[in-house]
Amino acid sequence: MITITNIKRVGSEKTESVTIEGGLIKGWNLPEEGQVIDGQGGTVAPALIELHAHLREPGQTEKEDLSSGLAAAAAGGYGTVVSMPNTSPVVDDPAIVRTLIEKAAGLGFARLRPAAALTKGQKGEELAELTYLKEAGAAMFTDDGRTNENARTLRLGLETAGSLGMVISVHAEDASLRADGVMNEGPVSEALGLPGNPAAAEAARVARDIEIVAGLHAQGVPARLHIQHLSTARALDLVRAAKAQGLPVTCEVCPHHLTLTDEALRSFDAIYKVAPPLRTQADADHLLEGLRDGSVDCLATDHAPHTRAEKERDLLDAPSGIAYIELAFPLMYTRFGETLGLERILDLMTAAPARVMGWEPPTLDAGAKADLVVLDLTTERPVNPAGFKSKAKFTPWAGESLKGWPLLTVVDGKVAYQR
Amino acid sequence: MNSPTSMGTRPPHLLDFQDWTPERLGAILDNADTMLQVLDRPVKKVPALQGLTVCNAFFENSTRTRTSFELAARRMSADVLTFAAGASSVSKGESLRDTLEVLTSYKVDAYIVRHHAAGAAHLVARYSGKPVINAGDGRRAHPTQALLDAYTIRQEYGSLEGKKIAILGDVRHSRVARSNAELLPKLGAQVVLCGPATLLPPGLAQMPGVTLTTNPKEAVRGAHAVMALRLQRERMSGGFLGSLQEYADTYQVNDTLLGEAESGAIVLHPGPMNRDLEISSDAADGPQSRILKQVENGQAIRMSVLYHLLVGRN
C-alpha cells in the first residue's frame, strides 16, 4: 500500500493525498497508510501513454533495450509504451511478443504494449499472423521503420486488423517521392546541398491510405487507420477532411515537429535527422493549430535512440531519429503550456492516445488502475542528457531550461520512477 | 597583409562563403596575383608554411583537386600528409570522428577535405578543431573552385562588378554551381543558373543575386562568362533526362549558344569535361576558352587560401 501526500489535482489548489492498494486507486484523502511518499506539492495526472517508441529490443540493444527504454519512459512520466516492431528480428512472431511483455513486466518501469509487424519481416508483401499476434498481446500492427509501398497489402491488412478490432498505424511516406531525401525539401535543403524529401511524399501517401479506408468504410468494413508522426500542413488538411467525412482515421504529431524546423539542419548535425524530416515553421504552426482544434488526435514522441557514433556520422550516412521520451512532457508544457493549456496537453498524452487505441481512458477515480504521474510544474531545470536513463545520452534540447519534470511515476500501483 | 580589423574577423575555415566579407575575398584574389608570380619563377617555392603539416583528407576520389592542393601546399613549403579514404581505415568501417582524432594525433595543422556528404567539412572542423579548407562536400560547396572561377573572370575584366555569369548544366547536383552562386554575387556579379527543370531546384532562386531559367539563350544573353557544368552520365539512370542527346541539343555550350553572349565572353568549365556533351570541342578549345587558365589559377588561389588561413594565425 502507498499513500502519496501533498499533491494537487489539475485545476485545483487543494492539497490532497491518494492511497493506492493492490494496483488500484483505493481513494482520496484517506488516513495515511503503508509507504508514504511526499508529492512535494506537485500536480497529479494519469500516467502518460506513448503510442510510438523504438525500444530496439531484440537485436539492437547497443541503441536501447527494454530496461533503459522503459526506465526512460517512466522518468518521462509514462506508464504505458507502445514499442515499434522494426527490431532485429522484426516482431512478426507471437513468441517474440510474449517474450517482450514478460521481460518488461519484470522490470518495474513503464508497462510495455508492443506493436507487431503488419507484414512478415516488415517486407510489405505478406501479412503476418495478425490473429496470433493479437492473442500474444500485440497492441497494434505497423510496418513503421519502413513504408507500406504495396497498397493492396495494406488494404488486406486493414480488413484483417479491422475484423480483430485492431488499429493499423502507418509511417506515411511515398518512398519513391522521398527518394534519397535526408531533410525537408525547400530553400534550406537547396542552400545546404542536401537531398530533399518533399512534403508531397507524406501528403500523397496519406491521401492514398485515406482513400483505402474510405473504400472499406463505404462497404461497412471496420478498418482503423492511425497515421504516425504527421509532419506537414497539407497532410493534416487531408486528415481533417477525412474526419469531417466521418472516416475512422486518426493521427499523431510529435513534439519535435512542433518545436524544430529544417533551419536546424544548417548545423549539419545529424542529431536533427529524423523521418519524416523537420519541416518549416508554417508546418509547425499548422500542426499546433491541429492540436488546438482537435484534428490531431494525440501526441507521440517517436523516441528513436541511436548510438552517439551513429549520430555523429555525416547527414547522408547517419540513421534517422531523435530520442527524448524523458523530456517530452516538460518540452510540451514549457513551450505550449500557455497556448494549449495544461489540461489539453495532458489529454493529448493520456486519454487521447487511449481513445486512438480503443482503450479505457485513464482516470484517477477510486477503483481505477493506479497509473499516475506527479509533475513539478514550477521548477525550471536544464535538460541534462548525461542523466538520461535512455542509452541515447544526447538531445537537441540539451541545456534548455524546462519545467514540468515528473517527480514520481506509479505504474500498476508500484513506484516506477521517483526523482 | 591587410589588417584584420578592416575586413572583419578572419574566419578560421573556408567551408563556404557565409562568414566571408567581400573585402576578405578580395584579399584572397589579390594575393593570388603574387602566387602566380611565384609559379612563374624558376624556383617555385616560398617558405610561408614551413614547419606546418597540411593533411589532404580525401574521403572521395579526386585526382585533380587533390593534386592542385598538394602542389599548392608544397610550394608554400608545408609538409603534406595525404589521406585517401579508399585505401584506409575508413574502408574498414572507422568513423569520421575517429579518423580525424587519429590524424590530429599526428599533429596535423590544417585539413583540406573532400567528402561525398554535404556538411562533412563542417564536421571535420568540429571534430578536429583545426582550420579546414573544403575541397568539395557533396552537392554543397567547392569554395576554392568558385574562387578560381572568380579570379579567372577578374583577370579578364578587372572586376566582377556588374558582370553577368551564366552557369549551365546539372545545377541540382553541382557544388560548383552552389559555391559560385554564393560567391559571385558577393563580388558584385549577377548569376544565372540554367538547366533542365529536373536539374534546376527552385529553392536556389532565393539566393541573393541569383536567377534561374530553363532557357539557355536567355541565360547566356549578354553574359560575360559562360560556364558549362559537368553532366554526370549516371543522371540518365536517375530519370532526370530523356536522353543525353536531348540534353546536348538543348543545353550544350557551343559557338551557336555563345553567339548570344557578350562579344568576347569567356568560356569556363570546372573539369573534367565530357566533350561534345555539355560543351562542344570548338567552345572548349576556342579562343574564348579559359579552361586551362582555370587550372593554372586554381593552384595560385589554393596557395593564397592556405596563406590567408594559416600564416600568422598563432
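Predicted model only: the values in this text are computed from it and were never measured.

1. Overview of unusual backbone geometry
Consideration 1: In the segment running from Glu57 of chain A into Pro58 of chain A, the intervening peptide bond is cis, with an omega of 5 degrees.
Consideration 2: Residue position: Pro58 of chain A is located in the loop between strand E6 (48–53) and helix H1 (66–75).
Consideration 3: That bond from Gly271 of chain B to Pro272 of chain B is cis: its omega, -10 degrees, falls within 30 degrees of zero.
Consideration 4: By the secondary structure assignment, Pro272 of chain B is in the loop between strand E9 (266–268) and helix H10 (281–285).

2. Overview of the interface of chain A and chain B
Consideration 1: Contact residues are listed per partner, giving 16 residues for chain A and 21 residues for chain B.
Consideration 2: Of the residues assigned to the side of chain A that touches chain B, the class counts are 8 nonpolar, 3 polar and 5 charged.

3. Side note on the sheet that holds strand E15 (residues 298–299) of chain A
Residues and elements named next belong to chain A.
Consideration 1: Across the sheet, 5 strands lie side by side as E9-E10-E13-E14-E15; this open sheet has parallel pairing. Whereas interior strands pair on both sides, the edge strands pair on one side only; in this sheet they are strand E9 (141–142) and E15.
Consideration 2: Sheet analysis places strand E14 (residues 249–253) next to E15, joined by 2 bridges and oriented parallel. Within E15, the residue paired with Glu252 across the bridge is Cys298.

4. A few points about helix H3 (residues 96–105) of chain B
All names here are of chain B.
Consideration 1: Every buried residue of H3 is listed here: Leu96, Thr99, Leu100 and Leu103. Along H3, the residues classed as buried sweep out an arc of 95 degrees about the axis, all on the same side. Along H3, the residues that are exposed and aim more than 90 degrees away from the buried face are Glu101 and Ser105.
Consideration 2: Buried residues belonging to H3 abut strand E1 (53–58), strand E2 (79–84) and helix H4 (120–128).
Consideration 3: One or two positions beyond H3, positive phi appears at Lys107, with a value near 65 degrees.

5. Observations concerning the packing of helix H12 (residues 328–340) of chain A against helix H13 (residues 342–349) of chain A
Residue and element names in this part refer to chain A.
Consideration 1: Where H12 meets H13, the closest approach of the two axes is 8 Å, and the angle between their N-to-C directions is 135 degrees. As far as their axial angle goes, H13 and H12 are oblique. Considering how the two elements wind past one another, H12 and H13 form a crossing that is right-handed. Contacts between H12 and H13 involve Phe329, Met332, Tyr333, Phe336, Gly337 and Leu340 from the first element and Leu342, Arg344, Ile345 and Met349 from the second.

6. A closer look at the pairing of strand E7 (residues 210–213) of chain B
All names here are of chain B.
Consideration 1: Side chains of E7 alternate between two faces, with Val210 and Leu212 buried and Thr211 and Thr213 left unburied.
Consideration 2: Here strand E6 (residues 190–194) pairs with E7 via 4 bridges, running parallel. The residue bridging Cys194 from the neighbouring strand is Thr213, located in E7.

7. Describing the UniProt feature "binding site: L-aspartate" (unreviewed entry) in chain B
Consideration 1: UniProt annotation of "binding site: L-aspartate" (unreviewed entry) refers to Lys92, Arg175 and Arg230 of chain B when read in the numbering used here.
Consideration 2: Note that Arg175 of chain B resides in helix H6 (residues 175–186).
Consideration 3: Exposure remark for Arg175 of chain B: the 22 C-beta atoms within 10 Å place this residue in the buried category.
Consideration 4: Apart from the residues lying within four places of it in its own chain, the contact partners of Arg175 of chain B are Gly193 of chain A together with Gly136, Asp137, Gly138, Arg139, Arg140, Ala141 and His142 of chain B.

8. Comments concerning the confidence of the model for chain B
All names here are of chain B.
Consideration 1: Across chain B, the average pLDDT comes to 92, with 94% of residues at 70 or higher.
Consideration 2: Counting interchain partners and residues more than four positions distant, the pLDDT-below-50 stretch residues 1–5 has 4 contacts.
Consideration 3: Scored by ipTM, the complex comes to 0.87, with pTM at 0.93.

9. Considerations on the UniProt feature "binding site: Zn(2+) 1" (unreviewed entry) in chain A
All names here are of chain A.
Consideration 1: Residues annotated in UniProt with the feature "binding site: Zn(2+) 1" (unreviewed entry) correspond here to His52, His54, Asp144 and Asp302. A compact arrangement is adopted by the annotated residues: their sequence extent is 251 residues, whereas the largest C-alpha distance between any two is 10.2 Å.
Consideration 2: Apart from residues lying up to four places away in sequence, His52 is in contact with Val82, Met84, Gln228, His229, Glu252, Ala300, Thr301 and Asp302.
Consideration 3: Asp302 gets classed as buried once you count the C-beta atoms within 10 Å, which come to 29.
Consideration 4: Once residues within four sequence positions are removed from consideration, Asp302 is found in contact with His52, His229 and Cys254.

10. Thoughts on the sheet that holds strand E7 (residues 78–83) of chain A
Residue and element names in this part refer to chain A.
Consideration 1: On the basis of which strands lie adjacent, the open sheet formed by 3 strands has the order E6-E7-E8 and parallel pairing. Two strands in the sheet have a free side with no partner beyond their single neighbour: E6 and strand E8 (111–112).
Consideration 2: Note that E7 and E8 share 2 bridges and pair parallel. Following the sheet pairing, Thr80 is matched in E8 by Arg111.
Consideration 3: Packing against the sheet, H1 makes contact with E6, E7 and E8, and its axis sits at approximately 135 degrees to E7.

11. Observations regarding the environment of Asp109 of chain B
Residue and element names in this part refer to chain B.
Consideration 1: Mapped onto the secondary structure, Asp109 falls in the loop between H3 and strand E3 (110–115).
Consideration 2: Along the chain, Asp109 and Leu52 lie 57 residues apart, while their C-alpha atoms are 6.1 Å from each other.
Consideration 3: Those residues in contact with Asp109 that sit more than four places away from it in its chain are Leu52, Thr53, Val54, Lys130 and Leu310.

12. Here we look at the nonpolar core
Consideration 1: With 232 residues, the main nonpolar core has Ala74 of chain A together with Val124, Ala166, Ile167, Leu193 and Val226 of chain B as its most contacted residues.
Consideration 2: With 8 residues, helix H11 (residues 291–310) of chain B is the largest single contributor of residues to this core.
Consideration 3: Shared between two domains, this core takes at least three residues from each, and those domains are domain 1 (4–142 + 296–310) and domain 2 (143–294) of chain B.

Criteria and cut-off values
- Residues numbered from 1 in each chain as written.
- Chains lettered and ligands numbered in written order.
- Predicted model: local features only at pLDDT ≥ 70, side-chain atom pairs only at ≥ 80, totals over all residues.
- Helix = DSSP H or I, 4+ residues; strand = E, 2+ residues; numbered from the N terminus.
- Contact = placed C-beta atoms within 7 Å.
- Nonpolar A, V, L, I, M, F, W, Y, C, P; charged D, E, K, R; others polar.
- Pairing = 2+ DSSP bridges.
- Buried ≥ 20, exposed ≤ 12 C-beta atoms within 10 Å, placed from the backbone.
- Arc of directions from axis to C-beta.
- Axes fitted to C-alpha atoms, helices over the stretch in contact; angles between N-to-C directions.
- Parallel < 35°, antiparallel > 145°, perpendicular 65-115°, else oblique.
- Left-handed = near helix turned anticlockwise from the far one by under 90°.
- UniProt positions renumbered as here; feature names shortened; annotations may be inferred.
- pLDDT = per-residue confidence, 0-100.
- Core = buried A, V, L, I, M, F, W, Y, C linked by C-beta atoms within 7 Å.
- Domains from an automatic or database assignment.

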